Structures are given as structure tokens and as C-alpha cells.
Amino acid sequence: MAEIISLAKLRQEKQLQQHIAHNCNFNQPDEIDALIVEGSLRIHNHTEFLAYLHHLYERELEPRDVFYDVFYFQPQQFSARYQLDWWRCVQYAVTFLTILKENERDEYVTFLYR
């Protein structure tokens, strides 16, 4: 029974990944906003999020640019360019945007609708 539930969750995650890859982009910023409003992809462990930001800084990558590009490029393009896991970065980007929306609403709007 646990295996069936696990397979169903995996299938749902794959469907969500495909939806995000095809629909969550800056041509359709409302789709990105829907991810933020829903909140299910957000990383709840802020220590883990901060460690990821540190990892990006160590690689001399600007997190804001990486989080923009994760929705700008197709998954394969993103992974090739940054050598980062696209899906994991989507989750961190959603966390970043959630924090931005809560604390800096104008910057959030500018980020999505530039």
C-alpha cells in the first residue's frame, strides 16, 4: 500500500514539474504568482534556504538572477547553464518570492512583471 501511495505522489510531482516547466514563466506571471499563493512548494526550513543562498554566493551567482532564470529558461537549459538541479531551485525560488511578496510587495511585482 505504501508503494502505491509513493508512486502516486511521484506521479503528482512529475505532473507539477511539467506544469511549471511549461506554464510558469514570465509570459504568464500569474502562474508563478499562483505557486506563491498556494505555498505548497515553499521550503519551510529557513536554515536550508539560507544554506542554498550561501552556496550560490560561493559560486559567485546572484540569487535573484538564478531565481529569475529558473522560470525564464527551460529546465534543461537552466541546468546546463548553472549546473544546478532545476526542480530544487524552483522550490528555493518559490521560497524567495514568498518572502519577497510578504516583505517587499513592490519588488515582488517588479520581479514578476518586468
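Just so it is clear, the structure is predicted and the values come from calculations on it, not from any experiment. Positions within a chain are numbered from 1, following the residues in the order the chain's sequence is written. This being a predicted model, a pLDDT of at least 70 is required before a residue's local features are given, and a value of 80 or more before pairs of side-chain atoms are given or counted; all residues contribute to the totals for chains, interfaces and linings. Excluding hydrogens and water, the side-chain figures rest on all heavy atoms present in the structure.

Regarding helix 5 (residues 75-82)
Owing to its 3.6 residues per turn, the α-helix aligns residues three or four sequence positions apart on the same side.
Now for step 1: When helix 5 is considered as a whole, its buried residues turn out to be Pro75, Phe78 and Tyr82. Looking straight down helix 5, one finds that the buried residues subtend no more than 65° of arc, so they occupy a single side. Along helix 5, exposed side chains directed more than 90 degrees from the buried face belong to Gln76, Ala80 and Arg81. Here the term buried applies to any residue with accessible area under 20% of the maximum for its type, exposed to any over 50%, and partly exposed to those in between, with areas from a 1.4 Å probe on protein chains only. Only DSSP runs of H or I reaching four residues or more are called helices, and only runs of E reaching two or more are called strands; each is numbered from the N terminus. Summarising the geometry, the arc corresponds to the directions from the helix axis toward the C-beta atoms.

Considerations on the packing of aromatic side chains
Now for step 1: Pairing of aromatic rings covers Phe, Tyr and Trp, the last through its six-membered ring, and needs centres within 6.5 Å; plane angles under 30 degrees mean stacked, over 60 mean edge-to-face, and all others mean tilted. Counted by the stated rule, this structure contains 12 aromatic pairs.
Now for step 2: Pairing Phe67 with Phe96 gives two aromatic rings, centres 5.1 Å apart and planes at 35°, and the pair type is tilted. Residue Phe67 is found in helix 4 (residues 63-72), and its partner Phe96 is found in helix 6 (residues 86-103); the two are separated by 29 residues along the sequence. As far as burial versus exposure is concerned, Phe67 and Phe96 are alike and both buried.
Now for step 3: Through pairs of rings, three or more aromatic residues link up here, namely Phe26, Phe49, Tyr52, Phe67, Tyr68, Tyr72, Phe73, Tyr92, Phe96 and Phe111.

Focus on the pattern of salt bridges
Now for step 1: Here a salt bridge means any side-chain nitrogen of Lys or Arg lying within 4 Å of a carboxyl oxygen belonging to Asp or Glu. This model, assessed by the stated rule, comprises 3 salt bridges.
Now for step 2: We note a salt bridge from Asp33 to Lys101, for which the minimum N-O separation is 3.0 Å. In this pair, Asp33 is assigned in helix 2 (residues 29-38) and Lys101 in helix 6, connecting sequence segments 68 residues apart.
Now for step 3: Its salt-bridge partner being Glu107, residue Arg64 comes within 3.0 Å of it at the nearest N-O pair.

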